[in-house]
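Notes for the structure review
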Amino acid sequence: MKVILNGCGLAYEVRGEIGIPLVLIHGFGLNRRFWYEMISSKLDKSHVVLVDVRGHGESDAPKGSYSMSLLAEDVLALLDYLGIKKAIICGHSMGGYISLAFAAAFPERLAGLGLITSRARADSEIQRQNRYALIEKIQRESVAALAASLAPRLTKNAALVEQAYKIIIETPAQGIIGAAYGMAERPDRMDLLCEIKVPSLVVAGEEDQIVSIAEAKHLAEQLPQGIFLPIAAVGHLPMLEQPGTLGDGLLLLKNQVDG
Ligand code: MLT
């Protein structure tokens, strides 16, 4: 399904009906298909909302910087459209940055929080400069420049690297550029964490080359109701590398919220 919300065509799908809705937000350069395997293994009856972040998948890719706040407003507009008052907002990596922006702006709509291989800190100056260099490279060349550098850092599993590569190169350049600007400019959210008083799950991959296990553990410790789930032999993509373990973690979070 696709609907125009917040000035942008957003592709989404709704699955299942059990429990409070769980909104899953994918990471940079990816799309909602990344969640399919995990949903069919553990969450096939649960009420789940999947969305393609603007600039990704089948959603539109307007020009401009996509601040994490703008992307959180897209999620809110989708909840309003679907008549959902409160949801568990769960994001992977960049999707986690969007989830934290949602928690900051719309706490009354947040029933639970999931952060999967994500972080609350803003970019360092070096990370920010790297993003601007990436943007210039994509403008000069194509999205293949990102796919070639990002896909091998996501996981050590060669088949999954190839799967991720194919998805990243399908993403429109304008979408990648908009999201990269938005991530570079995102504020630090560490001070927000102590104010998020809903059940929260922080998932880390012990072999993640992008977010260290120590950083994820520290993040979980700042959340009043934080549960930390480190997963062995997993990199940045637990939803593909160990869908069953991640699905169990999300079921635990749902059970905490559903009571
Ligand atoms: C992601 O997987 O969403 C990105 O690696 C996040 C980032 O670049 O900070």
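Scope of this entry: the structure provided in the associated data block. (Residues numbered from 1 in each chain as written. Predicted model: local features only at pLDDT ≥ 70, side-chain atom pairs only at ≥ 80, totals over all residues. Heavy atoms only, no water.)

By volume, the largest pocket amounts to about 510 Å³. Surrounding the largest pocket, 20 residues form its lining, Phe28, Arg131, Leu150, Arg153 and Ile210 being those nearest its centre. For the lining of the largest pocket, the secondary structure elements donating two or more residues are helix 3 (94-105), helix 4 (125-140) and helix 5 (144-154). The greatest single-element share of the lining of the largest pocket, amounting to five residues, is contributed by helix 5. Of the residues assigned to the lining of the largest pocket, the class counts are 10 nonpolar, seven polar and three charged. (1 Å grid on protein atoms, 1.4 Å probe; cavity = no way out; pocket = protein on both sides within 12 Å on 5 of 7 lines; lining within 4 Å. Points joined across faces, edges and corners; volume = space filled by probe spheres on them. Helix = DSSP H or I, 4+ residues; strand = E, 2+ residues; numbered from the N terminus. Nonpolar A, V, L, I, M, F, W, Y, C, P; charged D, E, K, R; others polar.)

Turning next to helix 4. With 16 residues, helix 4 ought to run about 22 Å at 1.5 Å a step, and its terminal C-alpha atoms sit 23 Å apart, in line with that. All of the buried residues in helix 4 are Arg131, Leu134, Ile135 and Ile138. Seen from one end, helix 4 has its buried residues packed into an arc of 100 degrees, which puts them on one side. Exposed residues lying more than 90 degrees from the buried face of helix 4 are Ile126 and Arg140. At its buried positions, helix 4 is contacted by helix 3, helix 5 and helix 7 (173-184). (Expected span 1.5 Å × (residues − 1). Buried < 20%, exposed > 50% of the residue type's maximum accessible area, 1.4 Å probe, protein only. Arc of directions from axis to C-beta. Contact = heavy atoms within 4.5 Å.)

Within the structure shown, the criterion is met by three cavities of 30 Å³ or more. Of the voids in this model, the largest cavity is the one considered here, and its volume is about 60 Å³. In terms of lining, the largest cavity is formed by Leu10, Ile25, Val51, Asp52, Val53, Arg54, Leu71, Asp74, Val75 and Ile98. Ranked by residues supplied to the lining of the largest cavity, first place goes to helix 2 (residues 68-82) with three residues. Each residue belonging to the lining of the largest cavity can be placed in one class, and the counts come to seven nonpolar, no polar and three charged.

Near the ligand, the surroundings consist of Gly27, Phe28, Ser93, Met94, Tyr97, Arg131, Met183, Ile210 and His236. A distance of 2.9 Å separates an oxygen atom of the ligand from a polar side-chain atom of serine 93. In this structure, histidine 236 approaches the ligand through a side-chain N or O atom, which is 3.0 Å from an oxygen atom. Expressed as a share of its isolated accessible area of 270 Å², the protein-covered part of the ligand is 93%. In this structure, the ligand is accommodated by the largest pocket. For the shell around the ligand, the class distribution of residues is five nonpolar, three polar and one charged. (Near = heavy atom within 4 Å. Polar contact = N/O pair within 3.5 Å; in protein donor to acceptor, adjacent residues only side chain to side chain. Areas by Shrake-Rupley, 256 points an atom, 1.4 Å probe, with all protein chains shown as cover. Sits in = over half its atoms within 2 Å of the grid points.)

Time to look at the pairing of strand 7 (residues 200-205). For a regular strand, side chains alternate in direction, first toward one face of the sheet and then toward the other. In terms of residue burial, strand 7 counts as a mostly covered element, since six of its six residues are buried. Side chains Ser200, Val202 and Ala204 of strand 7 all project onto a buried face; the interleaved residues Leu201, Val203 and Gly205 project onto the opposite face, where all are buried too. Here strand 6 (residues 110-116) pairs with strand 7 via four bridges, running parallel. Looking at the pairing, leucine 115 lines up with valine 202 of strand 7. (Pairing = 2+ DSSP bridges.)

Taken in spatial order, the eight strands make up an open sheet running 1-2-4-3-5-6-7-8, and their pairing is mixed. Every interior strand has two partners, whereas the edge strands, strand 1 (2-5) and strand 8 (226-231), have only one. Between one strand axis and the next, the sheet turns through 25 degrees on average, direction left out of account. (Axes fitted to C-alpha atoms, helices over the stretch in contact; angles between N-to-C directions.)

All right, on to the packing of aromatic side chains then. Here the structure, examined in full by the defined rule, presents three aromatic pairs. Centre to centre, the rings of phenylalanine 102 and phenylalanine 106 are 5.3 Å apart; their planes meet at 65 degrees, and the pair counts as edge-to-face. Given a relative accessible area of 0%, phenylalanine 102 falls into the buried group. Taking relative accessible area as the criterion, phenylalanine 106 reaches 14% and is therefore assigned buried. Ring centres of tyrosine 132 and tyrosine 181 lie 6.0 Å apart, and the angle between their planes is 45 degrees; this geometry places the pair in the tilted category. Remark: tyrosine 181 occurs in helix 7 and tyrosine 132 occurs in helix 4; sequence separation between them is 49 residues. Against the face of tyrosine 66 rests arginine 54, its NZ or CZ located 6.0 Å from the ring centre. Stacked on the ring of tyrosine 97, the Lys or Arg arginine 186 has its end atom at 3.8 Å from the ring centre. (Phe/Tyr/Trp six-rings, centres within 6.5 Å; stacked < 30°, edge-to-face > 60°. Lys NZ or Arg CZ within 6 Å of the ring centre and 35° of its normal.)

One finds Leu24, Phe28 and Ile196 to be the most contacted residues of the largest nonpolar core, which totals 91 residues. Ranked by residue count, the leading element in this core is helix 2, at eight residues. Once residues lying within four places of it in the same chain are set aside, the contact partners of leucine 24 are Trp35, Met38, Ile39, Val48, Val49, Leu50, Val51, Cys90 and Leu250. (Core = buried A, V, L, I, M, F, W, Y, C linked by side-chain atoms within 4.5 Å.)

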